[in-house]
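One-letter residues, chain by chain:
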Amino acid sequence: MLCIDNRDAALESEKIAFDPKVLNDNFKAINDTFGHQYGNEVLVEMAGIFSNQFRSGDIVGRFGGDEFLAFLPNTRGFERMEYVFQRLVKEYDRNYEKDGVVINVSASFGIAVAPDHGVTYEELSQKADEMLLAVKRENKKGYRLYQQISADKEL
């Protein structure tokens, strides 16, 4: 289990940090069609794909269900990390097959950066969640860096 206090402490000690969250698109169909054991195997595979993209000092874990998160302290600028998210979108886009049935699973990412988008883990997490939902509503299979959205405009 990840400790929020540790993430806040790391955030306080660094100038820039990312909080990307990922939700596996269409994962429910894997469990519903192929069963939970097969779904667990897919989750293990996806966790490996996710964790292998980050540095040893980054905090990476499963947030719950089919949602993963990473806290990347001491990261300098989104542009320097964007290639990681592009690669992850491609890596997660895969088909799973059992008994002739094929289900495509992909991933959507929401990303927030400190201190621009928040100074606590809770602020970053909430904003990354907003962007995650925005990507899922638009087209899935992508990522979005936090941007302020006006109150009268729905995500």
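Up top is the structure.
Residues numbered from 1 in each chain as written. Predicted model: local features only at pLDDT ≥ 70, side-chain atom pairs only at ≥ 80, totals over all residues. Heavy atoms only, no water.

J.: Tell me about the overall build of the protein chain, and name the residues and values.
T.: In terms of helices and strands, the protein chain carries five helices and eight strands. Listing every helix and strand of the protein chain by position from the N terminus yields α-β-β-α-α-β-β-α-β-β-β-α-β. When the 155 residues of the protein chain are sorted by exposure, 47% land in the buried category. In the protein chain, the proportion of contacts linking residues at least 24 apart, taken out of those at least 6 apart, comes to 68%. Carbon and sulfur atoms make up 48% of the accessible area of the protein chain, which amounts to about 8300 Å² in all. (Helix = DSSP H or I, 4+ residues; strand = E, 2+ residues; numbered from the N terminus. Buried < 20%, exposed > 50% of the residue type's maximum accessible area, 1.4 Å probe, protein only. Contact = heavy atoms within 4.5 Å. Areas by Shrake-Rupley, 256 points an atom, 1.4 Å probe, with all protein chains shown as cover.)

J.: So what's going on with the pairing of strand 3 (residues 59-64)? Which residues, and what values?
T.: Walk down a regular strand and you will see the side chains alternate between the two sheet faces. Alignment of strand 3 against strand 4 (residues 67-73), held across five bridges, turns out to be antiparallel. Residue pairing in the sheet places Arg 62 in a bridge with Phe 68 of strand 4. If you look at the hairpin formed by strand 3 and strand 4, you'll find two residues sitting between the two strands, and Gly 65 has a positive phi there, around 55°. (Pairing = 2+ DSSP bridges.)

J.: Tell me about the packing of helix 3 (residues 36-51) against helix 4 (residues 78-92), residues and numbers included.
T.: Remark: helix 3 packs on helix 4, axes separated minimally by 10 Å, with the N-to-C direction vectors making an angle of 160°. Compared by their axis directions, helix 3 and helix 4 come out roughly antiparallel. Once helix 3 is placed against helix 4, the crossing between them reads as right-handed. Across the interface between the two elements, Met 46, Ile 49 and Phe 50 of helix 3 pack against Leu 88, Glu 91 and Tyr 92 of helix 4. Broken down by class, the residue content of the contact of helix 3 with helix 4 amounts to five nonpolar, no polar and one charged. (Axes fitted to C-alpha atoms, helices over the stretch in contact; angles between N-to-C directions. Parallel < 35°, antiparallel > 145°, perpendicular 65-115°, else oblique. Left-handed = near helix turned anticlockwise from the far one by under 90°. Nonpolar A, V, L, I, M, F, W, Y, C, P; charged D, E, K, R; others polar.)

J.: Lay out the nonpolar core with the relevant residues and their values.
T.: With 27 residues, the main nonpolar core has Ile 30, Phe 50, Phe 54, Leu 88, Tyr 92, Tyr 96 and Phe 109 as its most contacted residues. Of all the secondary-structure elements, those providing two or more residues to this core are helix 2 (27-34), helix 3, strand 4, helix 4 and strand 6 (101-111). By residue number, the principal contributor to this core is helix 4, which donates seven residues. If we skip the residues at most four places from it in the chain, Tyr 96 touches Ile 30, Phe 34, Tyr 38, Val 42, Glu 45, Met 46, Val 101, Val 102, Ile 103 and Val 105. In terms of nonpolar packing, the next biggest core, distinct from the first, is built from eight residues, Phe 71, Ala 114, Ala 128 and Tyr 146 among them. (Core = buried A, V, L, I, M, F, W, Y, C linked by side-chain atoms within 4.5 Å.)

J.: Can you explain unusual backbone geometry? Please cite residues and give values.
T.: With glycine set apart, most residues show a phi of negative sign, and most peptide bonds adopt trans. A cis amide bond links Ala 114 to the next residue, Pro 115, at an omega of 0°. Considering the arrangement of structural elements, one finds Pro 115 in the loop between strand 7 (113-114) and helix 5 (121-138). Although it is not a glycine, Asn 26 sits at a positive phi angle of roughly 70°. Looking at the element boundaries, Asn 26 is found in the loop between strand 2 (21-25) and helix 2. Phi angles above zero are rare outside glycine, and Asp 99 is one such case at about 55°. With respect to the element layout, Asp 99 can be found in the loop between strand 5 (94-98) and strand 6.

J.: Could you give an account of the side chain of Asn 31, with specific residues and numbers?
T.: Examined against the element boundaries, Asn 31 turns out to sit in helix 2. Beyond its immediate sequence surroundings of up to four residues, Asn 31 is in contact with His 36 and Gly 39.

J.: Now, about the pattern of salt bridges: what can you tell me, with residues and values included?
T.: Across all of its chains, the model carries seven salt bridges by this definition. Across the pair Lys 28 and Asp 32 runs a salt bridge, and its minimum N-O distance is 2.6 Å. Residue Lys 28 and its partner Asp 32 are both found in helix 2; the two are separated by four residues, about one turn of the helix. Residue Lys 28 is classed as exposed on the basis of its relative accessible area, which comes to 59%. Classification of Asp 32 as exposed rests on a relative accessible area of 53%. Each of Glu 45, Glu 91 and Arg 94 takes part in one network of salt bridges that share partners. (Salt bridge = Lys/Arg side-chain N within 4 Å of Asp/Glu carboxyl O.)

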